[in-house]
Amino acid sequence: MIRNLIGSDWQMPADGAVSLPVFNPATGEVIEQVPLSGAQEVDAAVKAASGAFASWSRTAVMERVRLMFRYKAVLEEHFEELASIVTRHHGKTLDESRGEVRRGIEVVDFACGAPTLLQGRTLRDVSGGVDQDLYRYPVGVCAGIPPFNFPVMIPLWMFPLAVVAGNTFVLKPSERTPLGGQRLAELFLEAGFPAGVLNVVHGAAGAVDALLENPGVSAISFVGSAPVAKHVYTEAAARGKRVQALGGAKNHIVVMPDADPEITVPAILNSAFGNAGERCLSGSVAVAVGKAADILLDPLRDAASKMVVGPGDQPGVQVGPLIRAEHRDRVASYVEKGTAEGAQLVVDGRGEMSRQGFFLGPTILDRVTPQMAVGREEIFGPVLSVARAATLEDAIAQANASSLGNMATIFTQSGRAGREFRERVEAGMTGINVPIAQPFAFFPFSGWKGSFFGDLHVHGTDGIEFYTRKKVVVTRW
Ligand code: NAD
């Protein structure tokens, strides 16, 4: 059983705590047990974080940054190991895991810029003989609640920026992929950070609710499904906590008739089937405008049918397993739902379900409409819906009809269409001729509408704003 990190101790939860199995999704084997901690363990972690806050928040910025540079070096040393941990218990391909670890470390790179990022501002002589200065202070104990699909990258969106700003942290990794956060915490101690600056409590909804209710927690960063994001936002805000809650997605890829198929087809495959579709930036609905469908469908069908499905640690594999058998079955059930509602099955990946492990192959449904469940609901698996639109206007209206607004992307050779799309599509992350519109660490990451609850997005300068509070000092001598 993996343990919680309370201060510098790796502790088992109190007697009687239940645990859940952690699987290798490529084989279906149980590889670990994760404890389901409750209020007692959460309280111990928050106390350890509060205890460390007094000295950590007063530790010189340059010392905090020196430790962060050391953490960066330790993470680089363990880069391949972290990638293989991700593949082993999440299932994605090793290349996808490497990409995830790299994107995560980039937030650590960004956090190393704290001496610049944490600066305030001043205005002398704002009125006769009076100066005003703005200083940034940490907010206190912050908590991070990531989802299962990026077990290394998403925790790294959270605690490096929080701690470099002088906060202390409690991380509650996903109970389905807890091993990434666990290793990140071990390496954090190895880098030399003091005990209590980062604590880890494993668990599920019970641990989250205990964090929401704990008066010692000042700020919560959450990433996960839309209903839980709303719950976390509502409960945290009701208790006066600062909260950023990133939710689910139903991302549209608009394809104009002038899009170059050589670029567009591989991009759609990457967007829809990369990470087995378990990405909040996965393209879920390809909206073919006008004649685009005629150009797209055959090559899409051919290429999707040829994608190599298998264990993520095997060379040449393009689509790994889904996270759990139940999730795979839920995703597969959308194929029946879609065809029952009138969609046409173009590629059926269900043949892969007979393999050992939690597999489902790339699947494509055509003639999907926004009214169908497959056109409307987040599926979070390798199922691509193709919808038709007469005009760009109609395609944008289809994307904007979704209650979610995480990512949207367009493929076109027309600057005018690209610009129109950028101006009018309601998605916090928008792409033009790119499959995945992922902001880098120094830009803010988040969706709009039902994909996000809060106002400050994660990482970038929004991250610094989120993890600091401002004090203005008015001085007259
Ligand atoms: P999830 O909502 O089931 O779980 C997320 C976290 O919330 C986990 O740590 C889990 O332990 C906790 N949790 C689950 N149910 C809870 C409940 N009832 N009460 C309190 N806490 C609860 O999400 P998931 O399945 O792990 O991740 C997939 C979802 O995350 C998808 O919807 C995906 O779109 C979304 N996601 C969004 C982003 C983004 O940036 N917007 C990024 C990655 C994933």
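All figures in this text were calculated on a predicted structure; none of them were measured in a lab.

Chemist: Give me the lowdown on helix H12 (residues 325-340), citing residues and values where you can.
Modeler: Along its 16 residues, H12 runs 23 Å from first to last C-alpha, staying within 8% of the 22 Å computed at 1.5 Å per residue. All of the buried residues along H12 are His327, Arg328, Val331, Ala332, Tyr334, Val335 and Gly338. In a view along the axis of H12, the buried residues occupy a sector of 140 degrees, so they form one face of it. Pointing more than 90 degrees away from the buried face of H12 are the exposed residues Glu326 and Ala340. Looking at the packing, one finds that the buried side of H12 touches strand S14 (344-347), strand S15 (363-366), helix H13 (373-376) and strand S16 (383-389). Looking at the residues trailing H12, positive phi occurs at glycine 342, about 110 degrees.

Chemist: Can you explain the layout of surface pockets? Please cite residues and give values.
Modeler: One number sums up the size of the largest pocket: a volume of about 870 Å³. Lining the largest pocket are 35 residues; nearest its centre among them are Arg176, Gly224, Ser225, Ala226 and Val228. Per-element accounting of the lining of the largest pocket gives the leading share, 4 residues, to helix H9 (residues 226-238). Split by residue class, the lining of the largest pocket holds 18 nonpolar, 10 polar and 7 charged. Each of domain 1 (4-247 + 451-476) and domain 2 (251-432) contributes no fewer than three residues to the lining of the largest pocket. Of all elements in the fold, only helix H4 (94-111) and helix H6 (153-164) reach the threshold of two or more residues within the lining of the second largest pocket. Considering each element in turn, the lining of the second largest pocket owes the most residues, 5 residues, to H4. Residue-level mapping places the lining of the second largest pocket at the junction of two domains, with at least three residues from each of domain 1 (4-247 + 451-476) and domain 2 (251-432).

Chemist: Give a description of empty space enclosed by the protein that names residues and reports values.
Modeler: Evaluated as defined, the whole model comprises 5 cavities of 30 Å³ or more. Reported here for the largest cavity is a volume of approximately 100 Å³. Looking at the lining of the largest cavity, its residues break down into 5 nonpolar, 6 polar and 3 charged. Here the second largest cavity defines a volume of roughly 60 Å³. Lining the second largest cavity are 13 residues, with Ala399, Leu404, Met407, Glu426 and Ala427 sitting closest to its centre. At the level of secondary structure, the elements contributing two or more residues to the lining of the second largest cavity comprise strand S12 (251-255), helix H14 (392-400), strand S17 (404-405) and strand S18 (407-411). Class assignment of the residues belonging to the lining of the second largest cavity gives a composition of 6 nonpolar, 5 polar and 2 charged.

Chemist: Which residues make up the sheet that holds S15, and what values go with them?
Modeler: Strand order in the open sheet formed by 7 strands is S14-S15-S16-S13-S12-S18-S19, and the pairing between neighbours is mixed. Either end of the sheet is taken by a strand with one partner, and the two such strands are S14 and strand S19 (429-432). Across this sheet, the average inter-strand angle for adjacent strands is 20 degrees, counted without regard to direction. Taken together, the 3 bridges between S15 and S16 define a ladder with parallel strand orientation. Paired with isoleucine 364 across the two strands is leucine 384, which belongs to S16. The sheet contacts of H14 involve S12, strand S13 (283-289), S16 and S18, and relative to S16 the element is tilted by about 140 degrees.

Chemist: I'd like to hear about the packing of helix H10 (residues 261-273) against helix H11 (residues 292-305), residue by residue, with values.
Modeler: Across the interface, H10 lies against H11 with an axial gap of 10 Å and an inter-helix angle of 50 degrees. Compared by their axis directions, H10 and H11 come out oblique. In this structure, H10 crosses over H11, and the sense of that crossing is right-handed. Across the interface between the two elements, Pro261, Thr264, Val265, Ile268, Leu269 and Phe273 from H10 touch Ile295, Leu296, Pro299, Leu300, Ala303 and Ala304 from H11. Tallied by class, the residues present in the contact of H10 with H11 amount to 11 nonpolar, 1 polar and no charged.

Chemist: A description of the packing of aromatic side chains should follow, citing residues and the corresponding values.
Modeler: Under the counting rule described, the total for this entry stands at 14 aromatic pairs. Ring centres of phenylalanine 159 and phenylalanine 169 lie 6.2 Å apart, and the angle between their planes is 55 degrees; this geometry places the pair in the tilted category. Of this pair, phenylalanine 159 sits in helix H6 while phenylalanine 169 sits in strand S8 (residues 168-171), placing them 10 residues apart in sequence. Relative accessible area serves as the criterion here: at 0%, phenylalanine 159 is assigned to the buried category. Taken together, Trp56, Tyr71, Phe159, Phe169, Phe188 and Phe193 form an aromatic cluster joined through their ring pairs. The aromatic ring of tyrosine 334 is capped on one face by lysine 337, whose charged end is 4.3 Å from the ring centroid.

Each value, and the rule that gives it
Residues numbered from 1 in each chain as written. Predicted model: local features only at pLDDT ≥ 70, side-chain atom pairs only at ≥ 80, totals over all residues. Heavy atoms only, no water. Helix = DSSP H or I, 4+ residues; strand = E, 2+ residues; numbered from the N terminus. Expected span 1.5 Å × (residues − 1). Buried < 20%, exposed > 50% of the residue type's maximum accessible area, 1.4 Å probe, protein only. Arc of directions from axis to C-beta. Contact = heavy atoms within 4.5 Å. 1 Å grid on protein atoms, 1.4 Å probe; cavity = no way out; pocket = protein on both sides within 12 Å on 5 of 7 lines; lining within 4 Å. Points joined across faces, edges and corners; volume = space filled by probe spheres on them. Nonpolar A, V, L, I, M, F, W, Y, C, P; charged D, E, K, R; others polar. Domains from an automatic or database assignment. Pairing = 2+ DSSP bridges. Axes fitted to C-alpha atoms, helices over the stretch in contact; angles between N-to-C directions. Parallel < 35°, antiparallel > 145°, perpendicular 65-115°, else oblique. Left-handed = near helix turned anticlockwise from the far one by under 90°. Phe/Tyr/Trp six-rings, centres within 6.5 Å; stacked < 30°, edge-to-face > 60°. Lys NZ or Arg CZ within 6 Å of the ring centre and 35° of its normal.

Geometric descriptors of this kind do not, in isolation, establish any biological role.
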